Amino acid sequence: MDPTRALVLARQHLYQPWQQGLAGLIANLGALQLDAIQVICRAHHHQLYNRLPRYQESALASAEQRREIFEYWSHAAAYLPMSSYRFARIRMDRIREGQRHWFEKNAKLCRFVLDRVRAEGPLKASDFVKAKGGWWQWSDEKKALEQLFHEGELMVSHRDGFQKVFDLPERLLPSSVETCRASDLDYGRHLVHCFMASQGLGRVEEIAYLRRGDGPLVKAAVAAMRQSGELVEKAGELMLASDAQHEPPPAPRKVRLLSPFDPLVLQRKRLNRLFGFDYQLECYLPEAKRRYGYFGLPILYGDALVGVTDLKADRPAGVLRVKALHWQQKPGAALEASFHKALKDFARFHQLPEVAFV
């Protein structure tokens, strides 16, 4: 068993289910990425299914309603623990001060939208008169709502279907939440600690992955933490000094079907470096260029990624369809048996009575 992989898998809680609640798990992962693609289920539910015993999709909305978590931007759209609000303030302030997210700010329309939410309470984009056209076919009002959300002037109260419902932060934030912006050094240390808590080990560029403007803060935090002895480097990998002293538990030989957005596989170069697994989500590629299929799920078995399966939930027929299955090597009987059990369990979670190979 590779000790590097064992540490990463132990931190990911894919084999040792998380026992301290949904909000605690999101805090341990640092963020829970959202995604709108629903070939099987949305990515955030898939990630929680693999880590929480007896997870039900309603639990995520309940945690948001209790204000244990909130929606904002991490490396991508994500749920964050409420304790991370003061760190999110750094990005909010950058956007407010002029850093562009997706489009130019329309200050007049933003004031209009904000005034309506202030006067009327929680609103979503469809509550406004829609303008024609726009970026990604968004209305101008939708753009204004998103701009205010990224600036921190609005928060997401909840989602109606998959539509964001926006409200003022002062009406949503618990009184116990620290709202003062964290210092740059504290923020950098936070990013390092979150990464090590969920990934076990890595490199500076991996900690700062997809975090615009955060690279220098991560580098400064790593330097400070190495000087203090909190971080050490072992075989070219940064890790917490406490982890360097202990042998991680071996990963059991059980199959886990991973979301393409799972934090274990999200960084493709890192995945190839640590697990020797060359993978990408191919739904954005033309069909002729796909190797694995439209929505291929990596197959984890023990400490190895052993294949990819392209699945689709056919809800009208009540069937989880296996459209394609690609093994890295010919599987043995134990792997095949564990894979079929994982398929049945996954289908049961989605209330699909049958599994069918296309």
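Quick caveat: nothing in here was measured; it's all calculated off a predicted structure.

For the rest of this paragraph, the subject is the overall build of the protein chain. What the protein chain contains, in helices and strands, is 13 helices and 13 strands. Compactness check: the protein chain gives a C-alpha radius of gyration of 21 Å against a globular reference of 21 Å for 358 residues, within 12% of the reference. Taking the principal axes of its C-alpha atoms as reference, the protein chain extends roughly 65 × 60 × 40 Å. Scored against the burial criterion, the 358 residues of the protein chain give a buried share of 55%. In the protein chain, 63% of the contacts between residues at least 6 apart in sequence involve partners at least 24 apart. Summed over all atoms, the accessible surface of the protein chain reaches about 17000 Å², with 50% contributed by carbon and sulfur. With 52 positive and 41 negative side-chain charges, the protein chain shows a spacing of 2 Å between the two charge centroids.

Packing of helix α6 (residues 107-120) against helix α7 (residues 140-151) leaves a shortest axis separation of 9 Å and a crossing angle of 80 degrees. Classed by the angle they form, the pair α6 and α7 counts as roughly perpendicular. Contact residues: α6 offers Leu109, Cys110, Val113 and Leu114, while α7 offers Asp140, Glu141, Ala144, Leu145, Gln147 and Leu148. Here the contact of α6 with α7 is built from residues that sort into seven nonpolar, one polar and two charged.

Strand order in the open sheet made by the three strands is β1-β3-β2, with antiparallel pairing throughout. Of all the strands in the sheet, the pair left with one neighbour each is β1 (32-33) and β2 (69-73). As paired strands, β2 and strand β3 (residues 77-81) are joined by five bridges and run antiparallel to one another. Its bridge partner lying in β3, Tyr72 is registered against Ala78. Across the sheet, helix α2 (residues 22-29) touches β1, β2 and β3, and the angle it forms with β3 is around 110 degrees.

Further remarks concern the domain arrangement of the protein chain. Entries for the protein chain in the domain assignment read domain 1 (3-171), domain 2 (184-243) and domain 3 (255-357). A C-alpha centroid distance of 26 Å is found between domain 1 and domain 3. Counting residues at the interface gives 23 residues for domain 1, matched by 32 residues for domain 3. Note on domain 1 versus domain 3: buried area summed over both sides is about 2500 Å², and carbon and sulfur give 65% of it. Summed over the three residues of domain 1 that lose the most area to domain 3, namely Arg5, Val39 and Ile40, the buried surface amounts to 28% of that side. Connecting domain 1 to domain 3 are one salt bridge. Here domain 1 is connected to domain 3 by 11 residue pairs in polar contact (both at pLDDT 80 or more). Put simply, the parts of the chain that give the side of domain 1 that touches domain 3 at least two residues each are α1 (3-12) and α3 (43-49). The dominant element in the side of domain 1 that touches domain 3, judged by the number of residues it contributes, is α1, at five residues. When its residues are assigned to classes, the side of domain 1 that touches domain 3 shows 12 nonpolar, seven polar and four charged.

What tends to happen in soluble globular proteins is that the nonpolar side chains get buried as a cluster. Ranked by internal contacts, the top residues of the largest apolar core, which has 45 residues, are Ile40, Leu257, Leu264, Phe275 and Leu311. Of all elements in the fold, only α1, β9 (255-257), α12 (268-275), β10 (296-301), β11 (304-314), β12 (319-327) and α13 (333-349) reach the threshold of two or more residues within this core. Element by element, the count of residues in this core is highest for α13, at six residues. When residues of this core are assigned to domains, at least three map to each of domain 1 (3-171) and domain 3 (255-357). Judged by nonpolar contacts, the second largest core, of 29 residues, contains Leu114, Phe149, Leu154 and Phe166.

A separate point is the packing of aromatic side chains. Taken as a whole, this structure holds 10 aromatic pairs when the rule is applied. Three or more aromatic residues joined by ring pairs form one cluster here, namely Tyr49, Tyr55, Phe346 and Phe349. Across from the ring centre of Phe103, 5.9 Å away, lies the NZ or CZ of Lys143, which sits over that ring. Sitting over the face of the ring of Phe162, Arg159 holds its NZ or CZ atom 4.2 Å from the ring centroid.

Glancing now at the environment of Pro353. The topology assignment puts Pro353 in the loop between α13 and β13 (354-357). For the pair Pro353 and Ser126, spaced 227 residues apart in sequence, the C-alpha separation works out to 36 Å.

Of note, Gln329 is situated in the loop between β12 and α13. Separated by 22 residues in sequence, Gln329 and Gly307 have C-alpha atoms that sit 8.0 Å apart.

Running from amino to carboxyl end, helix α5 (residues 85-96) crosses α7 at an angle of 130 degrees, the nearest separation of the two axes being 7 Å. Considering the angle they form, α5 stands oblique to α7. On the side of α5, the interface is formed by Arg91, Met92, Ile95 and Arg96, while α7 contributes Gln147, His150 and Glu151. For the contact of α5 with α7, the class distribution of residues is two nonpolar, two polar and three charged.

About the criteria used
- Residues numbered from 1 in each chain as written.
- Predicted model: local features only at pLDDT ≥ 70, side-chain atom pairs only at ≥ 80, totals over all residues.
- Heavy atoms only, no water.
- Helix = DSSP H or I, 4+ residues; strand = E, 2+ residues; numbered from the N terminus.
- Rg over C-alpha atoms; globule rule 2.2 N^0.38 Å.
- Buried < 20%, exposed > 50% of the residue type's maximum accessible area, 1.4 Å probe, protein only.
- Contact = heavy atoms within 4.5 Å.
- Areas by Shrake-Rupley, 256 points an atom, 1.4 Å probe, with all protein chains shown as cover.
- Lys, Arg positive; Asp, Glu negative; His and termini not counted.
- Charge placed at Lys NZ, Arg CZ, Asp CG, Glu CD.
- Axes fitted to C-alpha atoms, helices over the stretch in contact; angles between N-to-C directions.
- Parallel < 35°, antiparallel > 145°, perpendicular 65-115°, else oblique.
- Nonpolar A, V, L, I, M, F, W, Y, C, P; charged D, E, K, R; others polar.
- Pairing = 2+ DSSP bridges.
- Domains from an automatic or database assignment.
- Buried area = accessible area lost by both parts, 1.4 Å probe.
- Salt bridge = Lys/Arg side-chain N within 4 Å of Asp/Glu carboxyl O.
- Polar contact = N/O pair within 3.5 Å; in protein donor to acceptor, adjacent residues only side chain to side chain.
- Core = buried A, V, L, I, M, F, W, Y, C linked by side-chain atoms within 4.5 Å.
- Phe/Tyr/Trp six-rings, centres within 6.5 Å; stacked < 30°, edge-to-face > 60°.
- Lys NZ or Arg CZ within 6 Å of the ring centre and 35° of its normal.

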